[in-house]
Amino acid sequence: MEASNALPENDRGPVVHFDHHSAEFNADPHAAWLSLLDSNPVAWSEQYGGFWIISDHKGNHDILQNHEVFTAERVGRSSSLTVPVPGYEEMGNPEPSLPEELDPPQHGPVRKLMNVQLSPGASRKMQPMIEHWTTTCIDAVIEAGQCDLLYDITGPVPAYTTLDWLGFPHDRIIEAAETIHHLVGYPPGSAEWNKAREDNSMIEQTLWDTCAARRKDPRDDYISWLITQKLDGEPVTDSAIVRLGYITVVGGVDTTTSLTSSALVHLNEDRALRQRLIDDPALLESATEEFLRVYPPLSSIARTARQDFEYRGCQIHSGDRVLVSRYAGNFDEQVFECPAEFRADRFPNRHVSFGLGPHRCAGSHLARLMFQEMMRQVLRRMPDYELDEAGIAPYPDRGIFDGWSALPARFSPGIRSQ
Amino acid sequence: MKIHVDTRACSGQARCWATAADVYRLNDDGYNDSDDYEVGPDELADASRGALACPEHAITLVDSAGNEVTEADLRTYAGLPVS
């Protein structure tokens with residue numbers, strides 16, 4: 001490391017050996033996060049130029065609800081989403097992502113453009129589309145008695161539902177979804193990641209093209225609606241629409257995929273719970289929150305300190321990156337009784353899987369509806385599904401996003417329903 | 001008993017509404033719109049459950065003397081064991 005990059009006289013600590021992209025971490029992320037939570041819920045790692053890791057539930061509140069001290073704004077060209085891991089710095093749009101790289105008060109009006117269309121009430125209006133895509137995807141494989149649950153159901157259903165709502169061209173949806181899948185699940189520098197990084201520009205270009213097309217010929221989709229809206233009294237620009245569209249693609253396609261896939265893997269092991277959910281479909285409501293708690297698709301999120309700040313005896317310096325672990329927060333026994341146990345009827349269940357504070361996942365309500373419809377239909381139409389244990393594979397890199405790369409399954413063949 | 005919502009902390013998680021839709025209202029953006037709502041005696045259990053469900057800890061109940069109901073009391077009202 002060059003002297004100019006060296007840390008100043010370092011009073012940061014306790015110092016832990018922690019690298020959320022290492023092979024050691026990826027071999028068992030659960031153990032890695034819980035070890036931090038148990039030993040040093042506020043800690044400093046010297047990886048990637050140095051960053052704080054906050055891993056308890058209280059820390060999630062303290063950092064993510066305090067935007068005056070911990071900004072979501074971009075530092076350099078790195079995404080605000082994570083600590084600056086090599087490879088991410090030079091990717092994507094040089095302008096701030098909307099709305100997640102804005103702090104209040106600038107954040108509010110931009111975020112409103114998402115909230116109005118993704119509130120619980122607005123999301124419920126999308127239920128027929130969710131049912132349509134779930135039925136269509138399961139119909140395509142139900143007669144065969146085998147499929148890959150990831151590539152045939154949990155991947156395409158959220159992708160078609162979300163991107164169709166957005167206005168993304170149908171013939172590009174699967175390509176875009178696979179690009180995001182590879183960007184979030186594979187390590188920077190891998191062959192999959194490098195190709196996805198190139199394909200990523202296709203997603204942005206498609207959004208620019210779609211925006212131009214909808215200005216001439218509006219349709220019933222989110223991009224057309226955005227064109228009719230104003231931001232700070234001015235019409236929403238194409239640049240803003242493209243960035244709002246991009247966050248919809250990134251936030252919408254692989255996250256609900258990950259949650260649903262994890263739940264299906266869980267129920268491949270826990271057959272008693274699978275039977276309980278089949279016998280009592282109403283249990284899915286509270287079980288959804290427990291699946292979210294135990295399997296957060298986005299396991300950590302970063303902020304940057306905008307001033308010196310003493311936090312629980314540790315000296316955080318202005319400019320320090322702070323990585324907050326949603327995953328560990330969800331296993332904090334100060335908040336969750338017997339956190340290691342999966343309790344389908346757990347209440348209250350104040351998990352932090354959608355994040356806390358102003359940047360709470362805008363698609364959280366839609367995500368729940370998509371998850372629940374996929375689970376209902378899989379449990380009803382392929383209740384005896386059995387994963388090929390030898391063929392299932394988690395993401396190779398689970399430090400930011402967690403999820404699955406393959407879920408081959410067999411089940412008793414059924415009949416198409418449409 | 002009144003509902004008090006810290007509107008700055010409310011981030012639109014909407015778990016209050018998902019848990020107790022008869023008591024909690026949301027505005028068009030999906031944020032809690034029930035600040036100052038007077039909770040009827042038959043609504044106390046649901047109002048308490050909705051407050052306990054909030055991941056942001058943005059909801060409290062306030063009694064007629066202006067005192068915040070403790071989390072332990074919310075659990076009691078909600079019919080949950082007090083841990």
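Below is a short write-up of the structure. Per chain, residue numbering runs from 1 following the sequence as it is written. The naming scheme follows written order: chains are lettered A onward, ligands numbered 1 onward. Totals for whole chains, interfaces and linings use all residues, but because this is a predicted model, local features are given only for residues with pLDDT of at least 70 and pairs of side-chain atoms are given and counted only at 80 or more. To obtain the side-chain values, all non-hydrogen atoms of the structure were used and water was disregarded.

What about the overall build of chain A?
- Only DSSP runs of H or I covering at least 4 residues are called helices, and only runs of E covering at least 2 are called strands; the numbering of each starts at the N terminus. The helix and strand inventory of chain A stands at 17 helices and 14 strands.
- Compactness check: chain A gives a C-alpha radius of gyration of 21 Å against a globular reference of 22 Å for 418 residues, within 12% of the reference.
- By its C-alpha atoms, chain A is 70 × 55 × 40 Å across when sized along the principal axes.
- Residue burial in chain A is summarised as follows: out of 418 residues, 59% are buried.
- The contact rule is simple, with two residues in contact once any of their heavy atoms fall within 4.5 Å. By sequence separation, contacts in chain A at least 24 residues apart represent 73% of the contacts at least 6 residues apart.
- Counting every atom, chain A has about 16,700 Å² of accessible surface; 52% of that belongs to carbon and sulfur.
- Counted as positive: Lys and Arg. Counted as negative: Asp and Glu, with His and the chain ends omitted from the count. Where a charge lies is defined by one atom per residue type: Lys uses NZ, Arg uses CZ, Asp uses CG and Glu uses CD. Looking at charge distribution, chain A has the averaged site of its 37 positive side-chain charges lying 6 Å from that of its 61 negative ones. Radius of gyration here uses only the C-alpha atoms, and the compact-globule reference equals 2.2 Å multiplied by the residue count raised to the power 0.38. For every residue, the accessible area obtained with a 1.4 Å probe (protein chains only) is divided by the maximum for its type, and the residue is called buried under 20%, exposed over 50%, and partly exposed between those limits. Areas reported here follow the Shrake-Rupley algorithm with a probe of radius 1.4 Å; residue values treat only the protein chains shown as occluding.

Points about the side chain of Asp148(A)
Residues and elements named next belong to chain A.
- Checked against the element boundaries, Asp148 lands in strand E4 (residues 146-148).
- Of the buried charged residues, Asp148 lacks a salt bridge, with Arg410 as the closest side chain of opposite charge at 12 Å.
- Within the structure, Asp148 has its side chain in polar contact with the backbone nitrogen of Leu150 (distance 2.9 Å).
- If sequence neighbours within four positions are ignored, Asp148 has contacts with Ile153, Ala406, Leu407 and Pro408. Each salt bridge in this description consists of a side-chain nitrogen of Lys or Arg and a carboxyl oxygen of Asp or Glu lying within 4 Å of one another. Counted as a polar contact is a pair of N or O atoms within 3.5 Å, where, for protein atoms, one must be capable of donating a hydrogen and the other of accepting one, and residues adjacent in sequence contribute only when both atoms are in side chains.

Description of the packing of aromatic side chains
- Two aromatic rings, drawn from Phe, Tyr or Trp (for Trp, its six-membered ring), form a pair once their centres lie within 6.5 Å of each other, and the interplanar angle then sorts them: stacked below 30 degrees, edge-to-face above 60, tilted otherwise. As enumerated under the stated definition, the model contains 13 aromatic pairs over all chains in all.
- In textbook terms, an aromatic cluster arises when at least three aromatic residues are bridged by ring pairs, as seen for Phe18(A), Phe25(A) and Trp33(A).
- Only Lys NZ and Arg CZ are tested; either one counts as a charge over a ring when it is within 6 Å of the ring centre and within 35 degrees of the ring normal. The aromatic ring of Trp44(A) is capped on one face by Arg12(A), whose charged end is 5.0 Å from the ring centroid.
- Note that Arg49(B) overlies the ring of Phe347(A), its terminal NZ or CZ placed 4.2 Å from the centroid.

Everything listed here is a matter of geometry and, on its own, says nothing about what the molecule does.
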